[in-house]
Amino acid sequence: MNLQGKVAVVTGSGRGLGLAYAQALAAAGAAVVVNDVDRAVVDAAVASISSAGGTATGVVAAVGDGGSAQQLVDAAVEEFGRLDVLVTNAGILRDRVLWKMTDEDFDDVVRVHLRGTFTCARAAAARMREQGTGGRLVLISSPAGQRGNFGQTNYAAAKAGVVAMARTWAMELGRSGITVNAVVPVAATEMTKTIPAFAPVIEESERTGSPLPDWLRKDEGLGTVQDVAALITFLASDASAGVTGQAIGIGGDRLALWAHPKEKSVAFAGGGWSADAIAAHWADGVGAEPETYGIAAPKAPEA
């Protein structure tokens, strides 16, 4: 995939998945703006890209407000002359069950994941429309945003909102040649290491350098951060010009297209529904096959 001449901003790209995205885009030829809140982390990320023959600059900023979003766009334009790709990866976690989650826990996560995606996309879209040559917005979501997850009210709500924004912006920006897609990644990161079924397998792979087992890569769709980065490179490229408004999952050996919400079953009652009529009809009517919810617990194969 050739991204020569393109300029990308990747938020939250000092470590983990974000760093893998930035490195992959640079390896394909794009000039990249790396972002993190830690100067040492930013400098190390830029150095890793430069040492591999790529082009990058760094911006230390906390994603969330409009000022930091504009700072990232301005850095791309000042350093490299334009902006073609935005990847909104920055995020934090403040996991708590509902009755223990504070206002601050909720607001902090929503500010970075949801508001940060909004402010950065707004600044990037304005620049791309001004340039008049199209562009790519790649918004990072999560399986938690598609299915919900225990202890992640704030994170799941924000990530669901990210997908909703992708669908909305795909409509609004289509005439400008700007595609907008949400990515739903699953990879071996510090967060997935906290899952008991995954932790020993990931740690063994890191210790020995051996690949993750097939059951993890195929059945669970969990692989390396580099596996996910391939999709980011595709969505940043001219090859994805016809792909927009989609939520696309990737992890390990699995590539998937998530369905958009739609009515599953419908029933009609002349004059409308009373509460008693709904109760009488529900179990063998509209509610006969209720939807599942939550991310299924992973299952390692029996020894």
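Right, let's walk through the structure included here. (Residues numbered from 1 in each chain as written. Predicted model: local features only at pLDDT ≥ 70, side-chain atom pairs only at ≥ 80, totals over all residues. Heavy atoms only, no water.)

1. Let's talk about the environment of L222
Okay, so step 1: Along the polypeptide, L222 turns up in the loop between helix 8 (214-219) and helix 9 (225-236).
Okay, so step 2: Judged by its relative accessible area of 0%, L222 falls in the buried class.
Okay, so step 3: Remark: the alpha-carbon pair of L222 and L212, spanning ten residues in sequence, is separated by 8.6 Å.
Okay, so step 4: In this structure, L222 is in contact with V186, A187, A188, T192, F198, I202, L212, L216, R217, G251 and G252, ignoring residues within four places of it in sequence. (Helix = DSSP H or I, 4+ residues; strand = E, 2+ residues; numbered from the N terminus. Buried < 20%, exposed > 50% of the residue type's maximum accessible area, 1.4 Å probe, protein only. Contact = heavy atoms within 4.5 Å.)

2. Side note on the sheet that holds strand 1 (residues 7-10)
Okay, so step 1: Spatial ordering of the open sheet is given by 3-2-1-4-5-6-7-8, a layout of eight strands whose pairing is mixed. Looking along the sheet, the strands with just one partner apiece sit at the ends: strand 3 (55-60) and strand 8 (254-257). Between one strand and the next, the sheet's axes are offset by a mean angle of 20°, whatever the strand orientation.
Okay, so step 2: Two elements, strand 7 (residues 247-251) and strand 8, share four bridges in a ladder whose sense is antiparallel. Within strand 8, the position partnered with I248 by the bridge is L257.
Okay, so step 3: Its contacts with the sheet place helix 4 (residues 103-131) against strand 4 (85-88), strand 5 (135-140) and strand 6 (178-185), and it is angled at close to 175° to strand 4. (Pairing = 2+ DSSP bridges. Axes fitted to C-alpha atoms, helices over the stretch in contact; angles between N-to-C directions.)

3. Some words on helix 1 (residues 16-27)
Okay, so step 1: With twelve residues, helix 1 extends 17 Å from end C-alpha to end C-alpha; this agrees with the ideal 16 Å at 1.5 Å per step.
Okay, so step 2: Every buried residue of helix 1 is accounted for by L17, G18, L19, A20, Y21, A22, A24, L25 and A26. (Expected span 1.5 Å × (residues − 1).)

4. Some words on the side chain of H113
Okay, so step 1: Within the secondary structure, H113 sits in helix 4.
Okay, so step 2: For H113, a relative accessible area of 4% gives the class buried.
Okay, so step 3: A polar contact is formed between the side chain of H113 and the backbone oxygen of I92, at a distance of 2.8 Å.
Okay, so step 4: At 3.2 Å, the side chain of H113 forms a polar contact with the side chain of K159. (Polar contact = N/O pair within 3.5 Å; in protein donor to acceptor, adjacent residues only side chain to side chain.)

5. A look at the pattern of salt bridges
Okay, so step 1: Enumeration according to the criterion identifies eleven salt bridges in this entry.
Okay, so step 2: With a shortest N-O distance of 3.8 Å, R96 and D105 are connected by a salt bridge.
Okay, so step 3: A residue is classified by how much of its surface remains accessible, and D105, at 9% relative accessible area, is buried.
Okay, so step 4: Across the pair R111 and D108 runs a salt bridge, and its minimum N-O distance is 3.2 Å. Taken together, the residues span about one helical turn, with R111 and D108 both in helix 4 at a distance of three residues. (Salt bridge = Lys/Arg side-chain N within 4 Å of Asp/Glu carboxyl O.)

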